[in-house]
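Structural overview
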Amino acid sequence: MTSTSHPKRAFITGITGQDGSYLAELLLSKGYMVFGLVRRVAFEDEAHRMHRIAHLLDRIELIPGSLESFPSLYAAIKKSSPDEIYHLAAQSYVNTSFEDEFSTMNANINGTHNMLAVYRDLVPQARFYFAGTSEMFGRPSQIPQNENTPFAPRSAYGISKVAGFHLTKNYRENYGLFACSGILYNHESPRRGFEFVTRKITSHVAKIKKGLINRLELGNLDSRRDWGHARKYMEAVWLMLQQPKPLDCVICSGKTHSVREFCKIAFEYAGLNYQDYVHSVQKFYRADSTGQTLVGDPAQAENYLGWRYDLPIERLIHEMVDHDLSLVFTVRQSTKTEQIFNVMT
């Protein structure tokens with residue numbers, strides 16, 4: 001008698017976001033059945049809210065629900081019965097977390113707590129991933145940062161993620177669950193939101209190249225970040241749940257570049273001189289600007305996961321610029337997509 005192996009089942013919160021879309025692609029390529037939690041309003045505006053996963057909609061199953069609603073999460077996990085849970089969803093834009101601290105804390109902390117409680121009650125044999133962030137280090141006491149660096153968050157977003165990290169750790173230790181956290185540094189791609197500085201730069205490069213605008217206003221050009229590609233980081237996230245035991249890992253490139261460098265590479269790729277268009281404006285300086293350097297040490301991810309980050313930042317930036325150049329061209333051909341173009345401003 002031949003035994004039949006069933007495909008693994010994965011449940012993703014935040015599946016419509018940058019990370020969720022790349023993770024869904026990766027899991028599908030490995031033969032998983034993929035389920036995603038989506039707010040009900042997304043079904044009413046698929047073109048806008050699901051554009052990152054539009055090419056996957058016939059291969060995944062989306063379940064309506066909210067992280068703030070325990071009953072809807074309970075129903076979603078019961079329906080999907082996952083082997084692996086990837087909790088990516090969060091209010092993740094740091095500047096917004098300063099402006100609306102209460103909703104950031106409520107969504108990120110209570111949402112994670114609800115997710116963990118449902119996981120423990122319904123599928124304790126599954127494996128759970130929590131999406132942490134370098135913002136948890138905030139004002140770091142050491143450079144580079146690793147898994148033993150003390151947290152010192154400087155924003156509501158960072159604080160909420162530290163809380164989620166400790167909730168995940170407590171569920172692992174108190175209930176014997178396979179639950180771990182990835183501390184991901186800044187990861188970018190053509191699917192990054194326009195509100196983030198990297199995408200703001202590349203989308204403006206595209207519009208300047210097409211002669212549509214002639215100015216880009218940014219904050220501190222000397223601010224440095226450890227930037228990597230979201231697609232590569234999702235490979236590390238998947239690897240974390242394939243190990244014999246749960247272990248928290250810093251996921252990063254281990255290198256830093258300034259906003260100025262990012263601008264220079266992006267504009268030069270388009271045949272432009274960034275100094276002719278980029279202006280540093282005080283209103284865009286972050287409220288938590290401390291001059292501290294967030295750069296990770298990827299040693300544990302390399303040694304434990306066998307994961308290496310080897311993508312030059314130039315390739316990441318060129319991919320983003322190419323995408324935004326094509327987007328500007330597409331938008332200019334259709335008045336129907338004019339609103340998308342306005343978002344790029």
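Below, the structure is looked at part by part.

Calculation criteria
Residues numbered from 1 in each chain as written. Predicted model: local features only at pLDDT ≥ 70, side-chain atom pairs only at ≥ 80, totals over all residues. Heavy atoms only, no water. Axes fitted to C-alpha atoms, helices over the stretch in contact; angles between N-to-C directions. Helix = DSSP H or I, 4+ residues; strand = E, 2+ residues; numbered from the N terminus. Parallel < 35°, antiparallel > 145°, perpendicular 65-115°, else oblique. Left-handed = near helix turned anticlockwise from the far one by under 90°. Contact = heavy atoms within 4.5 Å. Buried < 20%, exposed > 50% of the residue type's maximum accessible area, 1.4 Å probe, protein only. Pairing = 2+ DSSP bridges. Right-handed = clockwise from strand over helix to strand, strands pointing away. Expected span 1.5 Å × (residues − 1). Disulfide = S-S within 2.5 Å.

Observations concerning the packing of helix H1 (residues 18–29) against helix H9 (residues 230–240)
Helices that pack against each other are described as a pair by the angle of their axes relative to one another and the distance between those axes. Where H1 contacts H9, the axes come no closer than 9 Å and their chain directions differ by 60 degrees. The angle between H1 and H9 falls in the class oblique. Read as a crossing pair, H1 and H9 show a hand that is right-handed. Within the contact between the two elements, H1 uses Gln18, Asp19, Tyr22, Leu23, Leu26 and Leu27 and H9 uses Ala230, Arg231, Met234, Glu235 and Trp238.

Quick notes on the pairing of strand E2 (residues 33–38)
Taking burial as the measure, the six residues of E2 include five buried ones, the bulk of the element. Note that strand E1 (residues 9–13) and E2 share five bridges and pair parallel. Bridging across to E2, Thr13 finds its partner in Leu37. Handedness of the β-α-β unit built from E1, H1 and E2 comes out right-handed. Looking at chain direction, E2 and strand E3 (residues 61–64) are connected through four bridges and run parallel. The partner of Val38 across the bridge, within E3, is Pro64.

Topic: the pairing of strand E6 (residues 178–184)
Put simply, side chains in a regular strand alternate between the two faces of the sheet. Within E6, seven of the seven residues are buried, leaving the element largely enclosed by the surrounding structure. Across seven bridges, the pairing between strand E5 (residues 127–133) and E6 is parallel. By the bridge assignment, Arg127 is partnered in E6 with Phe178. In this sheet, strand E11 (residues 249–251) lies alongside E6 in parallel orientation, the contact comprising three bridges. Looking at the pairing, Gly182 lines up with Cys249 of E11.

Notes on helix H8 (residues 197–209)
End to end, H8 covers 18 Å across 13 residues, agreeing with the expected 18 Å (1.5 Å per residue, within 8%). The buried fraction of H8 amounts to 11 of the 13 residues, a majority that puts the element mostly inside the structure. For H8, the complete set of buried residues consists of Thr198, Arg199, Lys200, Ile201, Thr202, Ser203, His204, Val205, Ala206, Lys207 and Ile208. Two residues or fewer after H8 comes Gly211, characterised by a positive phi angle close to 75 degrees.

Examining the state of the cysteines
The final tally for this structure, using the stated rule, is zero disulfides. Its sulfur unpaired, Cys180 is 7.6 Å from the next cysteine sulfur, which belongs to Cys249. When its relative accessible area of 0% is taken as the criterion, Cys180 is described as buried.

Fair warning: the whole summary comes from geometry, so function is off the table for now.
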